[in-house]
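In case you want the letters, here they are:
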Amino acid sequence: MWSFSNIAGSIQNWLNQTFSPTWSLVMQMIIAGIAVISLFAVLGLILVLMERKVSAWMQIRLGPNRVGPKGILQTFADTLKLLVKEGLTPAGADKLLFNLAPVLALVVGMLLMAPIAFAKDFQLWNLNIGVLYVSAVSSIMVISILMAGWASNNKYSLMGAMRSGAQIVSYELSAGLSILTIVVLCGSLNIPDIIYSQADGWWIFKGHIPAIISFVIFIIAVTAETNRAPFDLAEAESELTAGFHTEYSGMKFALFFLAEYVNVFIVCAIGATLFLGGWMPFHIGQWQSFNHVMDYIPSSIWFFGKTFFLIFLIMWFRWTFPRLRIDQLLNLEWKYLLPISMINLLLVTVIAILGWHF
Amino acid sequence: MFIVKYIKNIFKGVKSLLVGMRRTGYYFTHHKEIITQQYPDNKETLNLPERFKGEVVLIHDENNEHACTGCTACELACPNATIKIVTKFDITAEGKKKKALDKFVYHLELCTMCNLCIIACPTDAIKMDQTFEHSVFDRKELTKILNKPGSKIRDGVE
Amino acid sequence: MTGATIIFYLLAALTIVSGLLAVTTRMIFRAAIYLLFCLIGIAGIYFWLQYQFIAAVQIVVYVGGIVVLIIFSIFLTQQAGEKLPKQNLGRQLFSVLAVFCGLALALVQLAQYEFVITDGKPVEPTVANIGKQMLGVDNGGYALPFEIVSILLLAALVGCIVIALKSNTETA
């Protein structure tokens, strides 16, 4: 049976046999780059369409249904339009930083793709501190937003960027703490290790109520970190026109848009890895026959299924809840999420030390 | 006590969020309730809501008669000068001069469909129609004269 | 020249060029951004050395913390968008001299140090190892500095709260 890891392995073998080690490394880098870029493009197309359909159905509308069968080609048409549109740079803008910001946003997204395990033993870069790496690199994202807001030389952009910065810096804390609960439970930062530790059940089921609490906090915090409604103060359309990307148009705007959706995918993939077992099929303890049946579904389908379930959850939030005010936003983080996640971390540590988890 | 209130707050918040999510989740799973009308495709069966207002029309009956006395109540009621009534003087059978409608000028491009003119009209001569396909190539065409040529006031309407 | 060497030189060039630009640019926000790239370059070199934990900490602390703090303080200053005035010649000369003194000192140190190639394997940055290194009480552990830093940060936090508190006694 073919799988992602087999394909990757055979390509690597062929490259190593055919070329010298340096050239084989270069070829592997190019292949990985092309794969990540095409994944980006596909994700952008799918997620934008999904968002529009989900929002439409939640608001008793139909959503895009004209271009192609059931409207599935709508995002292709939109992308084409954005590609041929003129990318303006405002006269008063800092031209270098203005053009650098969307590229930085996308590069950060690419870097974050590296440690994610898409299928069984299929990963671009298996590094020992995978989870820490993700939370570290994702903090560069805020700088691209701050850069875009500053370089636009526009008060709306600057205010959006400031809000976004304050928001991301504060919500990183509770996201980090809720990631830590799982790290405490399985004792590793390595993503394959975390996934293999869930072979007899996912952490959200094994970790009792504290795991569920930290899952909820994680989802709230990453929704805030990706600047999505109800935490979309950074681009609050009704107050700031479009926040930090007010001045962007054409392809540069598309890059920001793409980076937003890629970030949503990445945080959901991390959430799925930590709490829902990544590519690990649904296993219950030692029920061997049940586990074997579940194993017949390929691991990549499990991974993408869980990730898209979380993405749907975040979209559900977006189209249900009203936007928070800035003081409510900070109240929620500093008075509720942070104390709760700290106490929760303490509880999880007790559970892990006493071995009470399943 | 502070801590009890704090925990109560959390549960209240979570509960209210869940109520909202249940509503949107219900809509998401019940596609039959979709209220969107696919307009150009369903021109024949288009079903406009009762209170939809498209434009002001002057009601003419089959004898090309209307009920407008030219009293300019609608013109006075209009908040943004959409209606301009031009009056003339008719000679009645008794040889008296009588004020009558000459031109009912209606600027559709200024109208906000507020319905105040309809309420103001003492003889119910005008009403809101439901036509809405108003796009034209020249905005002069949006200035309409609502009384049909040769029309006159219905007998008995004062 | 192997691929690894090329990557090292690319990272080193990124670090040095952006470091130079950070001190020579006359726009303060750009200086912060160049500093960011300089720090990312250093993190890249740590990754290249396979010190993954140090690299991630470098990014968390410097990029996610300090550069964001610098950028925020730039945002809050007046006239931050304008070019800074050109420094006079004496200051420029003095700073160039200081830079060369520092460079000479570093080069002398590098020339005198005998680099020993070790074949010992690097410590795997697993959670257990990180914990032992940072909080160990035996030789090589950092329990005492860790605790002292914690107390310092706690004192700083309490101080912030005290400063930010509204004093009710004056109004009452």
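Thresholds applied
- Think of each chain on its own: its residues are numbered from 1, step by step along the sequence as written.
- Each chain is given a letter, starting from A, and each ligand a number, starting from 1, according to the order in which they appear as written.
- Only residues with pLDDT of 70 or above have their local features reported here, since the model is predicted, and side-chain atom pairs are shown and tallied only from 80 upward, although totals for entire chains, interfaces and linings are computed over all residues.
- Remark: hydrogens and water are excluded; side-chain values derive from all non-hydrogen atoms of the structure.
- We call two residues in contact whenever any of their non-hydrogen atoms come within 4.5 Å of each other.
- Summed over both partners, the accessible area (1.4 Å probe) lost when two parts come together is defined as the buried area.
- Identification of polar contacts relies on pairs of N or O atoms within 3.5 Å, with a donor-acceptor requirement for protein atoms, meaning one able to donate a hydrogen and the other able to accept it, and with residues adjacent in sequence counted only if both atoms are side-chain atoms.
- Domain start and stop points were drawn from an automatic or database domain assignment.
- Put simply, two rings from Phe, Tyr or Trp (the six-membered ring, in Trp's case) pair if the centres are within 6.5 Å, and we call them stacked under 30 degrees between planes, edge-to-face over 60, tilted for the rest.
- Each helix is a run of H or I in the DSSP string that is no shorter than four residues. Each strand is a run of E no shorter than two, and both are numbered from the N terminus.
- Any Lys NZ or Arg CZ found within 6 Å of a ring centre and within 35 degrees of that ring's normal is scored as a charge over the ring.
- Every angle, taken between N-to-C directions, lies between 0 and 180 degrees, and every axis is a line fitted to C-alpha atoms, over only the stretch in contact when it is a helix.
- Here roughly perpendicular refers to angles of 65 to 115 degrees, roughly parallel to angles under 35, roughly antiparallel to angles over 145, and oblique to all remaining angles.
- Whether a crossing is left-handed or right-handed is set by the direction in which the near helix is turned from the far one by less than a right angle, anticlockwise for left-handed and clockwise for right-handed.
- Amino acids outside the nonpolar list (Ala, Val, Leu, Ile, Met, Phe, Trp, Tyr, Cys, Pro) and the charged list (Asp, Glu, Lys, Arg) are all regarded as polar, and Gly is one of them.
- In this scheme, strands are said to pair when DSSP sees at least two bridges between them.
- We define the nonpolar core as a collection of buried residues of types Ala, Val, Leu, Ile, Met, Phe, Trp, Tyr and Cys that are connected through side-chain atoms lying within 4.5 Å of one another.
- Three exposure classes are used, based on accessible area relative to the maximum for each residue type with a 1.4 Å probe and protein chains only: buried under 20%, partly exposed in between, and exposed over 50%.

Student: Even after reading the chapter, I still don't get the interface of chain B and chain A, so can you show me in this structure?
Tutor: One frequently used descriptor of interface size is the decrease in accessible area upon assembly of the parts. Contact with chain B, which involves 17 residues of that partner, is made by 18 residues of chain A. Summed over both sides, the interface between chain B and chain A buries roughly 1,700 Å², with carbon and sulfur atoms accounting for 71% of that surface. Looking only at chain B, the three residues that lose the most surface to chain A are Tyr6(B), Met21(B) and Phe28(B), adding up to 35% of its buried area. Where chain B packs against chain A, one counts five residue pairs in polar contact (both at pLDDT 80 or more).

Student: Please clarify how the domain arrangement of chain C should be interpreted in this entry.
Tutor: For chain C, the assigned domains read domain 1 (1-83) and domain 2 (126-165). For domain 1 of chain C and domain 2 of chain C, the distance between their C-alpha centroids amounts to 26 Å.

Student: Just to check I follow, could you spell out the packing of aromatic side chains for this structure?
Tutor: To describe a pair of aromatic rings, you give the distance between the ring centres and the angle between the ring planes. By the definition in use, this model includes 31 aromatic pairs over all chains. An angle of 75° between the planes, with centres 5.6 Å apart, marks the rings of Tyr133(A) and Phe47(C) as edge-to-face. Here Tyr133(A) is found in helix α5 (residues 130-137), whereas its partner Phe47(C) is found in helix α2 (residues 28-48) on a different chain. Members of the aromatic cluster, each reached through a chain of ring pairs, are Phe118(A), Phe265(A), Phe303(A), Phe304(A) and Phe308(A). Sitting over the face of the ring of Tyr27(B), Arg23(B) holds its NZ or CZ atom 4.9 Å from the ring centroid.

Student: Explain the packing of helix α1 (residues 3-24) of chain C against α2(C) here, please?
Tutor: In a packed pair of helices, the relevant descriptors are the angle between the two axes and the axis-to-axis distance. Residue and element names in this part refer to chain C. The interhelical angle for the contact between α1 and α2, taken along N-to-C directions, is 155°, at an axis separation of 8 Å. Relative to α2, the element α1 is oriented roughly antiparallel. For the element pair α1 and α2, the recorded crossing hand is left-handed. Listed contacts from α2 to Ala4, Ile7, Phe8, Leu11, Ala12, Leu14, Thr15, Ser18, Gly19, Leu21 and Ala22 of α1 are Ala31, Tyr34, Leu35, Phe37, Cys38, Gly41, Ile42, Gly44, Ile45 and Trp48. Residue classes in the contact of α1 with α2 are distributed as 16 nonpolar, five polar and no charged.

Student: Explanation requested: the arrangement of the chains in the structure shown.
Tutor: No other pair among the two pairs of chains in contact exceeds the contact count of chains A and C. Regarding chain B and chain C, the two do not touch, and the least distance separating their C-alpha atoms is 20 Å.

Student: Quick question: what am I supposed to make of the sheet that holds strand β3 (residues 83-91) of chain B here?
Tutor: Adjacent strands of a sheet form backbone hydrogen bonds with each other and so pair up, either parallel or antiparallel. Residue and element names in this part refer to chain B. Reading across from one edge, β3-β4-β6 is the order of the three strands in this open sheet, with antiparallel pairing throughout. This sheet does not close on itself; its edge strands, each paired only once, are β3 and β6 (143-145). Here the average twist between neighbouring strands, direction ignored, is 25°. Summarising the sheet, β3 and strand β4 (residues 97-107) pair through nine bridges and their orientation is antiparallel. What sits directly across from lysine 84, in β4, is valine 105.

Student: Quick question: what am I supposed to make of the nonpolar core here?
Tutor: Ranked by size, the top nonpolar core spans 115 residues in total, and within it Met113(A), Ile143(A), Phe265(A), Phe29(C) and Ile71(C) carry the most contacts. With 16 residues, helix α12 (residues 250-275) of chain A is the single largest residue contributor to this core. Residues in contact with Met113(A), not counting those within four places in the same chain, are Val36(A), Leu39(A), Phe40(A), Leu43(A), Phe118(A), Leu124(A), Val262(A), Phe265(A) and Ile266(A). Core analysis: the second largest hydrophobic core is formed by 21 residues, Cys111(B), Cys117(B), Ile118(B) and Ala125(B) among them.

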